Amino acid sequence: MWTDTRVARKLGTRLPLVQGPFGGGMSSTRLAAAVSEAGGLGSFGAHHLSAENIEATVRELRGLTSRPFAINLWVPLEGEKALRPTPAEFQAAVDRLGPWYDELGLARPTYPGAFSQDYEAQVEAVLALKPPVFSFIFGIPSARVLEACRAAGILTAGTATNVDEGLALEAAGVDLIVASGSEAGGHRASFLRPAEESPATTALVPQLADRVKTPLIASGGIADGRTVATALALGAEGVQVGTAFLACEESNASDVYRQALRQESARGTVLTRVFSGRYARGIKNRFLREMTPHEREVPPYPVQNWLTQPLRQAAARQGREDLLSLWAGQNAPLIRHTRASALVTFLEEDTTRVLGRLAAL
Ligand SMILES: Cc1cc2nc3c(=O)[nH]c(=O)nc-3n(C[C@H](O)[C@H](O)[C@H](O)COP(=O)(O)O)c2cc1C
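Below: a short report on this structure. Note that the coordinates shown come from a computational prediction; the quantities given were computed from them, not determined experimentally.

## Comments concerning the nonpolar core
By size, the foremost hydrophobic cluster in this structure holds 93 residues, and its most contacted members are Ile 54, Ile 71, Phe 134, Phe 245 and Phe 287. With 11 residues, the next largest nonpolar core counts Leu 11, Ala 70, Leu 155 and Ile 217 among its residues.

Here's what the structure looks like:
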């Protein structure tokens, strides 16, 4: 049976299917619990949360499901913590966004104490809370943290966007590797090579399968039985689905965001750094188009991410699609389902059907 893989056995789930975590407030405990209850692995993207809020989230998840789930963090890139713009650089970045703050009726921000959450505190919270799975992107936690996970029985899943990153994750001894191809929605989580170089899922998965022994979870562009079957044929033993779950009513995406995922415009996704200072795949909207001429000037993550956060939040409140970061993968046009449990059932049944059809050829 295609569902009985090392990924499913390690995760302790009925299906080798992971709901991709969504950072920046798009995850919900309701979605993660619904996927875990349906037989997959629900995930919660927590990189934007404080240690206290991570604790509250894990408590809530444990109240909603007794099945395995994952908490996901962003590992800081080298030098990221020390990255502080000068007051003049900060002001220039604020001024560039000035007309957008004005349009949404927002006050211009002043220089903050910190531009992002404290990763060290987040990771200590994860170790103390012992979620069944700790997944991460943009790097590899320290050997001490990985050892503490092993000792606490927390399964680890790292993300590779190229072969070098997969080899580094395997050398560090992570339990599972998510092979994230460039079709995927959201940030390109590259940490050893430029994000723009990362190959597509159909190129990345077989190359990694040839080089690593760690079980692979394919991610990027997977949304139906054909794409799950392809991932399995390429050497993955599980899949991670993001955009199709984001479009479900249980996610924390706003109504306008969910609608945008189902519109004609979702066929036109691009990699952009105008929202966060790091490359991410999203649907072209007005903010993206008008900021693209300034793409090289915008400050790096986490500064630009911090500066655009109030814009994105206000746009969501005001039901405005033109100023949201509409992260979406290249297979958004395959979205058919509105309920997470129905999507899990569809992925299982459609994969079985496709594999049966192929076996009969
Ligand atoms: C809105 C959004 C936010 C995301 N945030 C994260 C994140 O914080 N951490 C992470 O590991 N992956 C994140 N991802 C990637 C997804 O978990 C998943 O791997 C990806 O969406 C799979 O590709 P697909 O969109 O083609 O299904 C995000 C994706 C989206 C669309």
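## Focus on the pairing of strand 6 (residues 176–180)
Here strand 6 lies mainly inside the structure; five of its five residues are buried. Alternating positions in strand 6 separate into two faces, Leu 176, Val 178 and Ser 180 on one and Ile 177 and Ala 179 on the other, with burial throughout. One ladder, built from four bridges, connects strand 5 (residues 155–160) with strand 6; its direction is parallel. Along strand 6, the bridge assignment pairs Ala 157 with Leu 176. Pairing of strand 6 with strand 8 (residues 216–219) involves four bridges; the strand directions are parallel. Residue Ile 177 lies in a different strand from strand 8, and its bridge partner there is Leu 216.

## Concerning the sheet that holds strand 9 (residues 238–241)
Spatially, 1-9-8-6-5-4-3-2 is the arrangement adopted by the eight strands of the open sheet, whose pairing is parallel. Unpaired on one side and paired on the other, strand 1 (17–19) and strand 2 (42–45) mark the two borders of the sheet. Pairs of neighbouring strands in the sheet enclose a mean axial angle of 25°, with direction left out of account. Pairing of strand 3 (residues 69–74) with strand 4 (residues 133–137) involves five bridges; the strand directions are parallel. Paired with Ile 71 across the bridge in strand 4 is Phe 134. Along the sheet, helix 7 (residues 163–172) contacts strand 4, strand 5 and strand 6; its crossing angle with strand 5, the most-contacted strand, is approximately 160°.

Rules of the game
- Residues numbered from 1 in each chain as written.
- Predicted model: local features only at pLDDT ≥ 70, side-chain atom pairs only at ≥ 80, totals over all residues.
- Heavy atoms only, no water.
- Core = buried A, V, L, I, M, F, W, Y, C linked by side-chain atoms within 4.5 Å.
- Buried < 20%, exposed > 50% of the residue type's maximum accessible area, 1.4 Å probe, protein only.
- Helix = DSSP H or I, 4+ residues; strand = E, 2+ residues; numbered from the N terminus.
- Pairing = 2+ DSSP bridges.
- Axes fitted to C-alpha atoms, helices over the stretch in contact; angles between N-to-C directions.
- Contact = heavy atoms within 4.5 Å.

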